[in-house]
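Now for the letters of each chain:
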Amino acid sequence: MQNFQISDQVAQELNDIAAQEHISESDLIERLIKKYSQELIKQRELKAFFRPYQKDMTDFKFDREDANVR
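For every chain, the first residue of the written sequence is number 1, and numbering continues from 1 onward in sequence order. A pLDDT threshold of at least 70 governs which residues receive local features in this predicted model, and a stricter bar of 80 or more applies before side-chain atom pairs are shown or counted, although totals over entire chains, interfaces and linings include all residues. Hydrogens and water are ignored here; the side-chain numbers use all heavy atoms of the structure.

### Overview of the overall build of the protein
Piece 1. Where helices and strands are cited, they refer to DSSP runs of H or I of at least four residues and of E of at least two residues respectively, numbered from the N terminus. Each helix and strand in the protein was counted, giving three helices and zero strands.
Piece 2. Ordering the α and β elements of the protein from the N terminus gives α-α-α.
Piece 3. Between the two quantities, the radius of gyration covers C-alpha atoms and the globule rule is 2.2 Å times the number of residues to the power 0.38. Here the protein has a C-alpha radius of gyration of 23 Å; the compact-globule value for 70 residues is 11 Å, and the former is much larger.
Piece 4. Expressed as lengths along the three principal axes of its C-alpha atoms, the size of the protein is roughly 65 × 25 × 25 Å.
Piece 5. Residue-level accessible areas treat just the shown protein chains as cover; the underlying method is Shrake-Rupley with a 1.4 Å probe. Within the structure as shown, the protein displays about 7300 Å² of accessible surface, and the carbon and sulfur contribution to it stands at 52%.

Purely geometric numbers; function is a separate question.
Spelled out as structure tokens, the structure:
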């Protein structure tokens, strides 16, 4: 197991949340890490899904008069 340092304020918040959930601090940290990992995976999947639909619009210019004519 690896040790890490956290501020007193974070330690107190961690303790408070763990007490509310009726679990230990280490279990709460494990849950948070798993949740964070799941969110990263979801973000990667969404980016991969939308990648084919992304278009390079750096040279795009909007002409209001042309749009009004249409």
